[in-house]
Amino acid sequence: MVKVIELGYLGLNVTDAAAWRKYATECIGLQIVESGQDDRFHLRMDLQHHRITVHETADCDDLAYMGWRVAGQEEFKAMQKQLTDAGVDFQVGTPEEARERHVLALIKLKDPSGTANEIYYSPQVDVMKPFHPGRPLFGNFIAGDQGLGHVLVRSDNDEETYNFYKLLGLVGSVEYRIPMPDGNFAEPCFMHCNSRQHSIAFGFHGMVERLNHLHIQYSHLDDFGQSHDIIRNQGIDVAMQLGKHANDQLYTFYSATPSGWLMELGWGDYVKPETQEHYAGDIFGHGVEASGYGMDIDI
């Protein structure tokens, strides 16, 4: 079975590109790379040409697409056969679409909830251009072969969503069983494809948009702390306070992006357990501070 090896890039649809330029550089520290097109720009976090493309639209603030990398051309061909054998519809991207993504080739498909996914190989890596953060950083971002971070996405049917991403080569399980006020339990699923604890999660029901949050991780504690201060000082909503997760052991907080969904910024180190376990809550913190962002239960 061929497997994807990282969540390599994202596309975001936004209605306020100017606000995103300011937020991405000043609050997070990402580098802007101009696309040469008026309706989009790229965000860079390591030596790869870009990790995020911000598309300006008139009426949408949501995830546009996710890009999953396979190791090379042979794996790319094998993935097409794997999807065909499983009866999954996909389209091979045009050479122009591949150039737009700065990869050698890609295929396009949708998960069971309609979220656009792309599978690609060979991203452009600009080794001759050092990464220049949008604000001074003590360290850098944890990316490279771990991919850009993780996402929490909408799932209209958790079993179908799990089977779709399992077909791409991700593995995972329910990692929290959180008691709810009505006596039921929230049981989100977390799936990984490399040494990052998870690259995608789903299972928080009631989501309307495709994206609840994007997680980005710093290598240096002080960069994480300064981001927290900058976001607080700019009066940006913090939906979930500083805390430490039980599953990935990262120190994180969740705050609002200019698009209304959340950015989870984090720092820390963790090695995944060899056998499955689940948790009823986090180690500390992550109390809800601002409601209405789809994270109104403590995890």
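Residues numbered from 1 in each chain as written. Predicted model: local features only at pLDDT ≥ 70, side-chain atom pairs only at ≥ 80, totals over all residues. Heavy atoms only, no water.

## Remarks on the sheet that holds strand 18 (residues 262-267)
Ordered in space as 10-13-14-9-15-18-17-16-19, the 9 strands form an open sheet in which the pairing is mixed. Here the strands that pair on one side only, and so sit at the sheet edges, are strand 10 (171-174) and strand 19 (284-285). Across 4 bridges, the pairing between strand 16 (residues 238-244) and strand 17 (residues 251-256) is antiparallel. In the strand pairing of strand 17, Lys-244 is matched with Tyr-251. Each of strand 15 (211-218), strand 16, strand 17 and strand 18 touches helix 5 (residues 221-233); the most contacted strand, strand 17, lies at about 30 degrees to it. (Pairing = 2+ DSSP bridges. Helix = DSSP H or I, 4+ residues; strand = E, 2+ residues; numbered from the N terminus. Contact = heavy atoms within 4.5 Å. Axes fitted to C-alpha atoms, helices over the stretch in contact; angles between N-to-C directions.)

## Quick notes on the UniProt feature "domain: VOC" (unreviewed entry) in the chain
In this structure's numbering, the residues bearing the UniProt feature "domain: VOC" (unreviewed entry) are residues 6-122 and 147-268. The span residues 6-122 is 27% helical and 41% strand by assignment, and the distance between its end C-alpha atoms comes to 12 Å. In the segment residues 147-268, helix accounts for 19% and strand for 38%; the C-alpha atoms at its two ends are 16 Å apart. (UniProt positions renumbered as here; feature names shortened; annotations may be inferred.)

## A few points about the environment of Ala-78
Within the secondary structure, Ala-78 is located in helix 2 (residues 73-85). In the structure, Ala-78 is positioned 57 residues away from Arg-21 in sequence and 38 Å away in space, judged by C-alpha atoms.

## A look at the sheet that holds strand 6 (residues 91-92)
Taken together, 8 strands build an open sheet; the order of strands is 2-3-4-1-5-8-7-6 and the sheet is mixed. With partners counted over all chains shown, the strands left at the sheet margins are strand 2 (31-34) and strand 6, one partner each. For strand 6 and strand 7 (residues 103-110), the ladder comprises 2 bridges, and the chain directions are antiparallel. Looking at strand 7, one finds that Val-92 is bridged to Ile-107. Strand contacts of helix 1 (residues 17-28): strand 1 (6-14), strand 2, strand 3 (40-44) and strand 4 (52-56), with the helix running at about 10 degrees to strand 3, the strand carrying the most contacts. The sheet strands contacting helix 2 are strand 6, strand 7 and strand 8 (116-123), and the helix crosses strand 7 at an angle near 15 degrees.

## Brief notes about the side chain of Arg-44
In this fold, Arg-44 is placed in strand 3. Buried and unpaired, Arg-44 has Asp-126 as its nearest opposite-charge partner, separated by 4.9 Å. Side-chain polar atoms of Arg-44 contact the backbone oxygen of Gln-48, separated by 3.1 Å. Here the side chain of Arg-44 touches Asp-126 through a polar contact of 3.3 Å, landing on its backbone oxygen. With residues near it in sequence (within four places) discarded, Arg-44 still touches Leu-30, Gln-31, Val-33, His-49, His-50, Arg-51, Asp-126, Lys-129, Pro-130 and Phe-131. (Buried < 20%, exposed > 50% of the residue type's maximum accessible area, 1.4 Å probe, protein only. Lys, Arg positive; Asp, Glu negative; His and termini not counted. Salt bridge = Lys/Arg side-chain N within 4 Å of Asp/Glu carboxyl O. Polar contact = N/O pair within 3.5 Å; in protein donor to acceptor, adjacent residues only side chain to side chain.)

## Examining the environment of Ile-142
Mapping Ile-142 onto the fold places it in the loop between strand 8 and strand 9 (150-153). When neighbours within four sequence positions are excluded, Ile-142 is seen to be in contact with Gly-147, Leu-148, Arg-196, Gln-217, Tyr-218 and Ser-219.

## Here we look at empty space enclosed by the protein
With the rule as written, the count across this model stands at 2 cavities of 30 Å³ or more. Tyr-9, Gln-48, His-49, His-50, Arg-101, His-102, Val-103, Pro-123 and Gln-124 are the residues that line the second largest cavity. Of the residues belonging to the lining of the second largest cavity, the class tally is 3 nonpolar, 5 polar and 1 charged. (1 Å grid on protein atoms, 1.4 Å probe; cavity = no way out; pocket = protein on both sides within 12 Å on 5 of 7 lines; lining within 4 Å. Points joined across faces, edges and corners; volume = space filled by probe spheres on them. Nonpolar A, V, L, I, M, F, W, Y, C, P; charged D, E, K, R; others polar.)

## Considering the domain arrangement of the chain
You can read the domains of the chain as domain 1 (6-123) and domain 2 (144-288). For domain 1 versus domain 2, the separation of C-alpha centres amounts to 20 Å. Listed per partner, the contact involves 39 residues of domain 1 and 42 residues of domain 2. For the pairing of domain 1 and domain 2, the buried interface totals around 3200 Å² over both sides, and the portion due to carbon and sulfur atoms is 66%. Its largest share of buried area at the contact with domain 2, domain 1 owes to Tyr-23, Cys-27 and Ser-113, together 18% of the area lost on that side. If you look at where domain 1 meets domain 2, you find 0 salt bridges. At the surface where domain 1 touches domain 2, the tally comes to 15 residue pairs in polar contact (both at pLDDT 80 or more). Broken down by element, the residue count for the side of domain 1 that touches domain 2 peaks at 8 residues, all from strand 1. Residues of the side of domain 1 that touches domain 2, tallied by class, amount to 23 nonpolar, 7 polar and 9 charged. (Domains from an automatic or database assignment. Buried area = accessible area lost by both parts, 1.4 Å probe.)

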